[in-house]
Every structure is written in structure tokens, then in C-alpha cells.
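# Working through the structure, step by step
Here is what each chain is made of, one letter per residue.
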Amino acid sequence: MSCFPVRLQEVRQAVSVCLRSLTVWAVRLTGSKYGCGGGGCGACTVMLSRYDPQTKHIHHFSVNACLMPVCQLHGAAVTTVEGIGSTKTRLHPVQERIAKAHGSQCGFCTPGMVMSIYTLLRNKPQPTMEEIRETLGGNLCRCTGYRPIIEGYRTFCEVISSFISGFHHAVGESLEPFCVHESDSNQIMGKLQTSGKEKLLPLDPTQELIFPPELIRMAESEERATQTFRGERMTWISPISLDELLQLKSQHPQAPVVMGNTNLGLDIKFKGVIHPIIISGFRVRELFEVTEKPEGVCIGAGSSLSTVRSVLEKCVCSLPAEHTQTLAALLEQLSHVAGEQIRNVATLGGNIASAYPNSDLNPVLAAGNADHLCVIPEGKREVPLDKDFFVGFGKTVLKPDEIVLSVFIPVSRKGEVVRAFRHAPRKENALATVNAGLRVWFEEGSNVVKEMSVYYGGVGPCTVSAERTVQQVIGRPWNEATLSDAYRALVDEVTLGASAPGGKVMFRRSLTLSLLFRFYLHVLQHLKDTVRPPSVTCRRFSDADSDVPSGQSEQDPVGRAVQHQAALSHATGEAVYCDDFPRTQGELFLSVVTSARAHARITHIDVSRALSMPGVVDVFTADDIPGKKFRSFTGIDEEILAQGEVTCVGQMVCAVVADTKPHAKLASAAVKVHYEDLPDRIFTVEVAVEKRSFFLPQREIQRGDVTKAFQEADHVYEEIRLGGQEHFYMETQSMLVIPLGEEKEMKVYASTQHPTMVQEAVAETLGIPSSRVSCHVKRIGGAFGGKVTKTSILASITALAAWRSERPVRCVLDRGEDMLITGARHPVLGKYKVGFMSDGRITAADVRYYANAGHTPDESVLKILLHMDNAYNILNLCSQSAACKTNLPSNTAFRGFGVPQTLMVIENMVNDVAMVLGRPAEEIREKNMYKETSLTHYKMEFDPENLLRCWEECKERSELDRRRLDVARFNQQNRWKKRGIAVIPIKYGIGFAEGFLNQAAALVHIYKDGSVLVSHGGTEMGQGIHTKVQQVASRELDVPLSMIHISETSTSSVPNTCPSAASFGTDANGMAVKDACQTLYKRLEPIRKQDPNGTWQSWVQLGHDLYMDWVKQEGRPYAYFTYAACCSEVELDCLTGEYRTVRTDLVADIGQSINPSIDIGQIEGAFMQGLGLYTMEELKFSPSGVLYTRGPGQYKIPAVCDVPLQFNVYLLSGSHNPHAIYSSKGIGEPTLFLGSSVFFALKEAVAAARSDAGLSGPFTLHSPATPERACVACSTCFTQMIPQAETETTQPWALELP
Ligand SMILES: Cc1cc2nc3c(=O)[nH]c(=O)nc-3n(C[C@H](O)[C@H](O)[C@H](O)COP(=O)(O)OP(=O)(O)OC[C@H]3O[C@@H](n4cnc5c(N)ncnc54)[C@H](O)[C@@H]3O)c2cc1C
Ligand code: FES
Ligand code: FES
């Protein structure tokens, strides 16, 4: 049952439980996924339906199941992804289209995407493109890059021409989103559409699930009475009238009034806030009343933000424009608040009462003179929402027993202008960094200001009023002189200390000025740009037309755009991930206790309280490990659990095992670890270098005579800092260990890229042979390098728990824990000196790389130096790299494994040369590129022909020459917005420099019924390896694809597997499967003739002769190179640093693709991850080494709003590769770096802004080029007005890494 009615009698036991737990635990529906638990990712999206007995209408709306309290569900029908269609019965078109459009890779986000769009279609069967895009705003995907998802769902639009982006053109002057004019729908739809809509399942609204009639009957006849539910730690009371609510509130003034639970729920879940009593206002009708009056609109405080939006939209349409200023400003903000799922439940009253410092609504309500009606048991009072209303962080003047009943928003008066602005780290689904609500009222017929109000959010503990600034303006004409005085007053009035929470002090202060300036321009109505951006055409992606030879048989799937083998299982919620395995009898849950100190001696661990708590079975430390107490990575030991000393915050200290997850979590919080702080904490690479704190070996490479070359050239010294990057795989670290009870055998189910490492780690920890441990991987919900080393350690701990208790034990990290414990991509400091001639030739380079490794070596000795030449033939170079040992969590492999950092430093260096010479960067890049068969700096010979072809084709396809002129013209004509364009090449070595890692094995079973089961060493994490391997087996065995099955990766089927990483998975495992199948085919041919149902099994090891000799500084560390080039153009808003990628053209040489759709999916997904790395994603640590960014609320990965407006991917034709299977090439990692084309385009746009400010030449722009950095680098008059913070005396809020 996957559309189920909820009657509260059934959930009495589940008072403090959220809907997702209910679906998974009670109803056994695992389709909705856990990605964050806090409403930030959309993976858990389900549809709620409610019947309103008054209007007789059924409302359908999407919600995040992870935040929806079960007690709030009375009378609702819940529809999960399983309910709308299945592979066993009938698929729903929403499920089919995302699969056919290749919009699912690891599939973990897919059920959430499906349910968001399903709900939209239930309400509007033919949505617009903008509605689809907006609906997906609350759903994150880390794999696909979103394009195929949008393309798949675009097929539901009747009218295709619409907006693709809500990005507002430039500084807000035109307020027009970029338009997508789609002249040829067949082109846009790509293969999905050209294959004919008739081939897609039609959407038939009459076939949808009906709302359970029993719920209608219940709603019609229900006796309305207060409901009370008592749980273990909380009592939930749900009154039905305002009087009762007030009575309860006066009896329990400290009890919160829960509405959408989007604030309260987060406090309870993540801050451990305990409310013994919660009062729900959900059934109190008075809280939902809406009244429109000539003076304004009165909206019930219980109305959801989506309802508020509809009400305001209606008013704005019906009222004369002069009356709609405040309403329109509120609407503008509402369209950016959170994602649709949150807006559907979060309430207006909740937003006001929560008094968030960066609430988007409060500054506008305050500026627009809104009042709200509060009620207390003794009566009603009207309270203005003004400067006196907000009194501190999360505090208002409301008395504890007071309720907000409604909010009155007055219509604007003649001559009044109201606007709202916000700037956030991501355009959508992100809390604002700074927002503002501004209002001005002019004396009739003049430009003299009669009244004004200015409110800001994000610049203090609560919404603040800039009263003294306003006084500078009132009574004066609206002109530059007035505003100049206002800016000066504002700088003095709205201040932030150097250590203000949230950091970005200078940026936030400058935003207060630039938002006021925007308002000024808006009011003047002079700010409209004379030049509009060219309309952007979204063309079809060159995806599916593979180079299949004309004679290739129809049955042979190699080279064809075959849908991901599990796409339909993903889309129906049937795909099984580690945590979806049913609970087994007696199963326990493990929770880890982590260090709260960065460097300290553990003096005592007090587990007595934890052990006495309900359900707790065991607590153990490193002393209890029977086998090896550490794991060795790259030859250096890493403790499994801390022994005596901790060296970072987040290091695992001990583990708690209990009967349920909540019990384990509560008990782990009760373990008291006593510390004695140790001196010499090191957090940054600068301090590490100063203290010589390194992991060995340090690497170096030299070529030519650098000293001599420098004597003959001009030099530039520079450095660039690159921040780290959180993997943010959607499925957090998960494992289940089952002791088999015989011969010490352990079965480990884990979400890992490296089953063999897990197997070895568990065996060593328990002190048993590897043959007793088997590791099984069904599929992984994304990994990107982050599920190798830390997964092995976590699996060892979980196995120890299973070993000691002799019961199955599960461990699934919460998002916050995962981000805290498992490390990230290495932040790197790159320092360089480059020598060049006046014609742009680079003759010498001296480059040093310092990676912040964290507290253990993990895999930190990166292949940085091998890639430092990228596409350039620099004859004299020397280079060194060091992995710095610091007291931060240990960083680890992440897609590209050091290469994206190396290349960034080199490309920045080349860019600097262009800036010094005042030449276009592509000219300098081209001049220095490898031109003919050459030796790399480690003496490996290669032919750059395809690199040059990619480069030329990219320039041509992107129309670089013409667009460069357009960009220059645009920049000349615009002061506050600038464009930049950049082309970046890449040469990327594929394979592991360590020869032993370049091997694979496969086991192929042919069953009597002719079906084939293939096992290989690669793990499926969304990269499509199983699909490609199926294609290989299908070709080699000459059987249809449908007969090949891949069930899981298991160390008991294929031993000694290598990690699925380094873009090498398909190369190695595909070749092993090919060999196995060929042998099978050959050997079985005679037998098959006699007995076509025979069986056979084998495995093949494939070795490549790859090595790197670091002493001789030469080698052949890679089997071959993958090449690509990418051109991106951006438009930057210099006032806020916000930018939009206008267009990206990417040409990649991936040989003869085995499956072009999967490869293009990998390219796009990697590009978007690179865009995140270089322009958005920021890990923030406190000065004492505590990670602040522990969820999607604080850490922003690209969302659907960040996809380039036009994104063209082309596969280089006619490319062959003798070194990999069927002449294909690895692609998972290389194109991530091409996201840097956006960084360099941004840098160019910043340079244009600086030029207007009279600044020229190279300048520092560290990565990621966040809006903060881009805005500050623009050096506008507003950033210059902010006095420098006193950083010497005050500690900033966050560490400056690396
Ligand atoms: C993922 C996510 C993204 C978000 N993004 C944004 C954003 O971009 N911009 C933004 O402004 N906000 C954002 N928010 C915050 C969100 O808007 C608020 O959490 C929400 O409006 C609170 O309403 P609620 O009904 O969920 O309150 P609840 O969580 O139910 O209650 C919150 C508090 O308000 C009190 N309360 C509720 N109703 C009343 C009432 N009628 N009278 C008196 N007290 C009351 C309760 O006692 C409680 O203390 C986001 C939240 C999440 C989870
Ligand atoms: S798991 Fe619910 S929104 Fe992320
Ligand atoms: S397919 Fe979206 S997160 Fe993997």
C-alpha cells in the first residue's frame, strides 16, 4: 500500500516520529529517501492530499517527509513513489520519462524528483516550463547536472517556449528572466522527443489514484474534539478552536505552537531541543482565514507560504498597480523562499514568530507597515511589525502565551514605492545572506521624500531597521546627493563585528549599500539597461547520435544510448540501497561518538549514563578491538577509534549500539569524553609549512633549466587558494553487518566503492582471515571518491559491534555526521612563479602545491604533479607538492583526486600571463599548447592531435570570436553588470599510477534458461558501469541486452577488486567481462550447439603496465589521455557578485563511446560538480576546527537554477583509443575541471568591472569564486566604503583555509 490514509489512532506510538520514518519502518515503503533530514534536499518528497469539507475540494501538495510530523497527518492521504507506478504493474509517465531522458544516474534523488513533478501534474497536467523548473527547485541531484531531468519533464509542457531560469537580468533593472525561445521542438526534446511522443506513456489524469473515500467520509462526519497523543518524551495536543488553543497556551506558555514544523522540527532534530508538550495549531480554522478589504488583505497566520503566494497573486492581479507595491514585493521574496515542499507547509505566522535574522518576509512586512493581530486569552491586540517587534535572535515582543492570529498587509498608497531584495549563496532554496525591504513615499507631485523605511535581514541577530539612514533622506529630494549621505549614514548605522556569526562581514555590509543603491535606481526608473542580453536559444544536446557503424547488428547495444539499466527501478522506488534492506530479527543500530576537540588527550570516557539508557546494548572503544586497531592507507596507519589522543574535531572515539536508531543517538550524546587540551593545533597550510608538519613522501619533478629560463624572462609571482569540496553524495555512509554465527563468518552490506578494502579492513579489525568476510554492494547512492577509506573504517567499527553482540548491526550516518567525519576534497594553496616572453610564450614555471590533508594521511599524497602541465608544453619547470598534516578532519579522494586543484593553479598562472600582457587568455593558452607528438614532464610520449581538435571545435561551436566582441561591447555599455567568456582545455591521464590498481576480474554465469549473470569488480554508483558492462556482455555473447543481469558487486564472486574510481572502472572491468565472455563464447560454442543451456564460469585478471618512478621522475602512469575543451560565458552582477552561466559549449574526446547517453550524463554531472567546486561550494570551519557546514542548509551544491542557460555537449567524432575497451575512454573525472571555465569567465567579468574602477593587471580571486569574493574583487564604490575589519584584534568567525 503506497497511497495510504492516515488516521491518528494508528500512530499513537509515533508521536515524535516524522513521516519518512513511518513509511520506512511501519509501512515498509523505502522509496522516499533520506538525504539530509532537514528539508534541504527533496530526496524524501511525497505527496499529501487533504479533503476540505467546506470547499469539497481535494488539495494535493508535495512535502518533505523528513520534516512532516506524523501527528500532523490526521485525515491526509500520503502517496509515495511506489504508489504511482511500478515495473511490475504499470509505470507512471513521470517515472518513465525521467528514465528515458537519462535523468537518473545513482538514482537516489530520483524518487523525490518523480514525486515533485507528479504532484505538479496532479494540480496542473500541462504545466509551463517555468513551473517545472520551479517545482524542482527544492530537489537536489549530485550526479546528473539536472539537464536530462528538465529535458525529460519538458515533454509534459504543452507550450514549450517558456522561461528556463528565474535569474533576473543583471542588477534587477529589467527584471526579466532570460527567455528560452525554442524554434524547433524536435531539436529541444532530443532523442526522447524525436523518437515520437507516441512512444512515451501518455499522461492520463483520469487514471490517477483516487483520494480514499473513507477520508472524505471521515472529514465530513468527524466529531471535532481535541486530540492528545502521548509519546516517550513528548505529548502532542491538537485543539480544534482558537479558544482551546489559547487556553492550552496559557496553561503551557513554554509549549510551542507547531504549524509547518520547518523551524521547530530542525531544532528538535539537530539541536536536541526537547519540548515535553507541543500544541498543534493545525486544526484551528481561525488561523487559516483570509479576508480581502479595500485597505489591504488579512491573512491567517496558519496559511502556508504557498497559500500566501496564491492570495497575493490574486490581489496583485485584481488591484490597481499603485496599490500592489507591498504585495508584489512580498511575492517577489516568496518565490525565492526555500523549495516548493517547504513553502507548502511553512506558515506565515511561523516565519514571523521564528524571527530568523534572515527571514525574507519580515523586512518587507516591516517596511510595508504590516500589522499583525495577536491574541492572548484576555483578548486581541494589534501589534505593528516594526523596529520594536524583533528583539533578538529568534525573539519577538510576543508574550509566551500569545498567538499570532493573522497578518494584515495594507495596500500601498499613491506615490509609494516598495521593493524587496535578497542575495543568497544560491539563487534558489538558500537562506538569504542579506535581504532588504525598502519603502519610500513621495510628497504628491514631487520627488521629495515624505516617508521612508528600510529594513535589513542577515546583518544582525534579528531584522534591523536603518532608522538613522532614513532620517538622512526624509524631506529631501530623491537624488544622488541625498543617497550619498544615506550611504555614509548606513555604513555607520548597520555594522557587524569582525567575528560576527556567518562571517563575510565586509561583503554583507557592502550588500546593505548596494541593495539601497538598487532601490535608488529602481525608484528613479532610470536603471533599465539600454542593451538587453541576446535571447538564449536552448539547443538540443548532441547526445544520442552515437558513431554506430552502419553494419552493426540491431541487437548489438555497444555505442547506443541505452537507458541506465536500473533507471526504472530508481524512478519507481524499487531500487534497493543499503539502508533499504529490511530489518532483520534482533538487529541493532550503531552510532559513533566523535571528538569535540581538535587536539587533546583523552583523560576519561564515561559511558555509565549511556549504558543505563533504554535499549542500549553495548559501548566500546579502541581497547575492545581484537585485531588491528588501525588501517593502513598509502603505507601510513590510521586509527579506527582514537586511542588516548584526538587530533581533530569529528574523529571517532567510541561507538554505542542500541536497539533503535533514536536510542543509539540519545545514548551516544550521553557519553562523556573528558579531554586535556594539547598545544600546537594546526589548521592552515601556512602554519603547517611553518611548523614543517607534513606527511611523507613529498614529491618533486624538474624539467629543463628553470634558473636560466627565469633569467631571460618576465616574471609573475602569485598564489591561489582553492577551497575543499564536500562529496555530498545523496546517500550517506551506510552499512549493515550480519554475523553468520558459524566459522566467524561475517556478511557485510555496504555502500562502498571498494568492497575488497572493506573486506580486508573488517577481517583485520576482527583478526580473522579475509575468506571469512564477504562484502556485498547492490548499488551506491553516489560516492565520487568518498566511499573508499572512511567506509572501510566505519564498516570495521560496525563489524566489531556485530562481532561483540552476535547480532546484525546497521550504521547509517546522518548528513551532519557524514560531513563532519568523512572529510572532503583537499583544499590547496598553489604558489607559482612564471617566466614568459612578450609574445606570450611561457618559458619557465616554478609551482608549489600545499594540500591540507587533515589529521591523517588517508589518500592525501595526490597525483598533483603528474597533471601540472595540463595542455601546455612548458620546457623549463620545477614543481613540488606537500600534504600538510593539520588538526582538521582527514581529507580524501574526490572525483579527480587532486587534479582539479592542480589544473586550477596552472590555468590561473596562464591567465595571469594573459592579464599582464593584456591579451585574450585563449591566445596565451593556444600559444603554449602541445602542438605535436611530445613528451610530458615525466617523459611519457603522447600525440596531442585530439586535444587540438577539441580546442578548435570548441572555439568554433561556441562562436568564440564573435561572442568575444559581443562581450566587450556589452561591458562597455553596462556599469553594474559585466560579462566574461573563457575557454579551457584539458588533457587528463586515465588510470592509476600504481600498476597494481589497474586490474579487474569478472565472473560470468550462464544459466540453463539462457539468462546470464555477470559479476565484476566495479560498483554501480550512478556512473552507469553496470549498463555499459551489460552492453559489453551482450555484444560478446551475442545475446540481447535483456538476458544479461548484474545483481551486485560481491567479494565472494569476484575477489581482490580495485576501487571504482579514477574513471577507470569501465576500462578495467569492461575488459575483464569482455575476456570472460569471449572465452566463454569460444569454449561453449561446440557445447552450445549440442546443449544450448550449458553453464560456465571464469574470471580474468587484466593488468596494465603502468608505473611512475618518482626517483627518476619519469614513467607511464596513465594508459592514455582523455581530452576536452570547454567555453563558458557568464554575466556577473557586480553589486552582489551573483552570476549566471549564460552558455557553455563543451567538446570531449571520449573515443568511441560505449553508451553516449551515459557518457554525456557523466560529462554534464562532472561539469556541474566542477562549477560547484570553483564557484559555490564552501566548507567553513570555526577557529577551533569545528565544521560549521554540515548540511544542505549551510553547504550549497549546484541546484537546478545553476544549470547554464544554454548547455551544449559535443562528442569528438572519429576518435579511437587502442588502450581501452571498444576504443572508448574514461570520462567520469576529467570534465569536472571544465567547470573552471565558469570561474575564468567570472574572473574576466570581474576584470572588466575593475577596469571601470581604474584597476588593471593580475588580481587575486581565490576558488571558489563565490558571490562574496567576486563582488569584493570588483572593487566597486560600495565595497570601498566599508572600513577594513580589525582582524588583528578580533578572531574572524571562520578559518581562512587551506
Ligand atoms: C530547508 C528550509 C529552507 C528555508 N528557506 C527559507 C528562506 O529562504 N527564507 C525564509 O524566510 N525562510 C526560510 N526557511 C524558514 C521557514 O520559512 C520557516 O521555518 C517557517 O516559515 C516557519 O513556519 P512553520 O509553520 O514551519 O513554523 P514551526 O516550525 O511550526 O514553528 C516555529 C515557531 O514559530 C512559533 N509559531 C508558529 N506559528 C505561530 C503562531 N501563529 N503564533 C505564535 N507563534 C507561532 C512556534 O511556537 C515555533 O516556536 C526555510 C526553512 C527550511 C527548513
Ligand atoms: S531528506 Fe528530506 S529534504 Fe532531505
Ligand atoms: S542521480 Fe541524482 S543524486 Fe544521483
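What you are looking at is a predicted structure, and each value in this text was computed from that prediction instead of being measured.

The rules behind the values
- Note that residues are indexed from 1 along each chain, following the sequence as it is written.
- Here chains are named by letter from A upward and ligands by number from 1 upward, in the order in which they appear as written.
- Whole-chain, interface and lining totals are the exception, using all residues; otherwise, since this is a predicted model, local features are given only for residues with pLDDT of at least 70 and side-chain atom pairs are given and counted only at 80 or more.
- As a rule here, side-chain values cover all heavy atoms of the structure and leave hydrogens and water aside.
- Pairing between two strands is assigned when DSSP locates at least 2 bridges connecting them.
- Strands here are runs of E lasting at least two residues and helices are runs of H or I lasting at least four, both read from the DSSP assignment and numbered beginning at the N terminus.
- Partly exposed describes any residue whose relative accessible area lies between the buried limit of under 20% and the exposed limit of over 50%, with all areas from a 1.4 Å probe on protein chains only and scaled to the type maximum.
- For this quantity, the arc is that covered by the directions from the helix axis to the C-beta atoms.
- We call two residues in contact whenever any of their non-hydrogen atoms come within 4.5 Å of each other.
- Note on method: axes are straight lines fitted to C-alpha atoms, helices fitted across the in-contact stretch only, with angles between N-to-C directions ranging 0 to 180 degrees.
- One side-chain nitrogen of Lys or Arg within 4 Å of one carboxyl oxygen of Asp or Glu is enough to make a salt bridge.
- Definition of nearness: a residue and a molecule or strand are near each other if at least one heavy atom of the residue lies within 4 Å of the molecule or strand.
- A 3.5 Å cut-off defines polar contacts: any pair of N or O atoms within that distance qualifies, except that in protein one atom must be a possible hydrogen donor and the other a possible acceptor, and neighbouring residues in sequence count only when both atoms are side-chain atoms.
- The Shrake-Rupley method, run with a 1.4 Å probe, gives the accessible areas here. Residue values count only the displayed protein chains as cover.
- UniProt positions are given in the numbering used here, feature names are shortened, and annotations may be inferred rather than shown by experiment.
- Only rings of Phe, Tyr and Trp enter the pairing, Trp through its six-membered ring, and a pair is recorded when the two centres are within 6.5 Å. The plane angle decides the type: under 30 degrees is stacked, over 60 is edge-to-face, the rest tilted.
- By definition here, charges over rings are those cases where NZ of Lys or CZ of Arg is within 6 Å of the ring centre and within 35 degrees of the ring normal.

## A few points about the sheet that holds strand β45 (residues 1049-1050)
Strand order in the open sheet formed by 8 strands is β24-β28-β22-β35-β32-β33-β34-β45, with mixed pairing between adjacent strands. Every other strand in the sheet has two partners, leaving β24 (616-620) and β45 as the edge strands with one partner each. Relative to strand β35 (residues 809-812), strand β32 (residues 734-739) is paired through 4 bridges, and the arrangement is antiparallel. Looking at β35, one finds that M735 is bridged to C811.

## Description of helix α28 (residues 921-928)
Among the residues of α28, those classed as buried are A921, E922, I924, R925 and N928. Along the axis of α28, the buried positions cluster into a sector of 160 degrees, meaning they face one direction only. Tucked into the core, α28 has its buried residues touching β37 (842-854), α27 (899-917), α29 (945-957), α30 (960-973), β41 (977-990) and α34 (1236-1252).

## Let's talk about the sheet that holds strand β30 (residues 694-703)
Read from one edge of the open sheet, 5 strands run β30-β38-β37-β36-β31, paired in mixed fashion. Every other strand in the sheet has two partners, leaving β30 and β31 (714-722) as the edge strands with one partner each. Direction aside, the axes of adjacent strands within the sheet are offset by 10 degrees on average. Bridge analysis of strand β36 (residues 828-836) against β37 gives 9 bridges, and the strand direction is antiparallel. Of the residues in β37, the one forming a bridge with K833 is D846.

## Quick look at the pattern of salt bridges
Taken as a whole, this structure holds 71 salt bridges when the rule is applied. K665 is paired through a salt bridge with D814; the nearest N and O atoms lie 3.7 Å apart. Here K665, found in helix α21 (residues 661-670), pairs with D814, found in the loop between β35 and α26 (815-821); they are 149 residues apart in sequence, far enough to count as distant. Note that K978 and D1252 form a salt bridge whose closest N and O atoms lie 2.6 Å from each other. With K978 in strand β41 and D1252 in helix α34, this pair connects stretches of sequence that are 274 residues apart. Accessibility expressed as a relative area gives 1% for K978, which makes it buried.

## Overview of the site of ligand 1
Around ligand 1, 32 residues are found, and the nearest of them are M259, G260, T262, T347 and D360. Measuring from an oxygen atom of ligand 1, one finds a side-chain N or O atom of R422 at 3.2 Å. Surface burial for ligand 1 is 92%, taken as the share of its 980 Å² of free accessible area covered by protein chains. At the level of elements, β9 (257-258), α10 (264-270), α14 (348-354) and β17 (403-410) are the ones that each hand at least two residues to the shell around ligand 1. For the shell around ligand 1, the element with the most residues is α14, which contributes 5 residues.

## Some remarks on the UniProt feature "binding site: Mo-molybdopterin" (unreviewed entry) in the protein chain
As recorded in UniProt, the feature "binding site: Mo-molybdopterin" (unreviewed entry) lies at Q753, F784, R895 and A1062. Mapping R895 onto the fold places it in the loop between β38 (876-885) and α27. For R895, a relative accessible area of 7% gives the class buried.

## Quick word on the side chain of S792
One can find S792 in helix α25 (residues 789-805). Given the relative accessible area of 0%, S792 is considered buried. Setting aside residues up to four positions removed in sequence, S792 forms contacts with M757, V758 and A761.

## Side note on the packing of aromatic side chains
By convention here, two paired aromatic rings are described through the distance between centres and the angle between planes. For the structure on display, the rule yields 22 aromatic pairs. Seen from their ring centres, F442 and W478 are 5.8 Å apart, and the 85 degrees between their planes marks the pair as edge-to-face. Placement of the pair is F442 in strand β19 (residues 434-442) and W478 in the loop between α16 (467-473) and α17 (480-493), with a sequence separation of 36 residues. A residue is classified by how much of its surface remains accessible, and F442, at 13% relative accessible area, is buried. You can call W478 buried: its relative accessible area is 4%. Judged by centre distance (6.3 Å) and plane angle (35 degrees), the rings of F1121 and Y1123 are tilted. Y1123 shares its class with F1121; the two are buried. Joined through ring pairs, the aromatic side chains of F442, W478, Y487, F517, F519, Y520, W976 and F1278 make up one cluster. Sitting above the plane of the Y34 ring, K661 keeps its charged end 5.4 Å from the centroid. Lying over the aromatic face of Y1210, R957 brings its terminal NZ or CZ to 3.9 Å of the ring centre.

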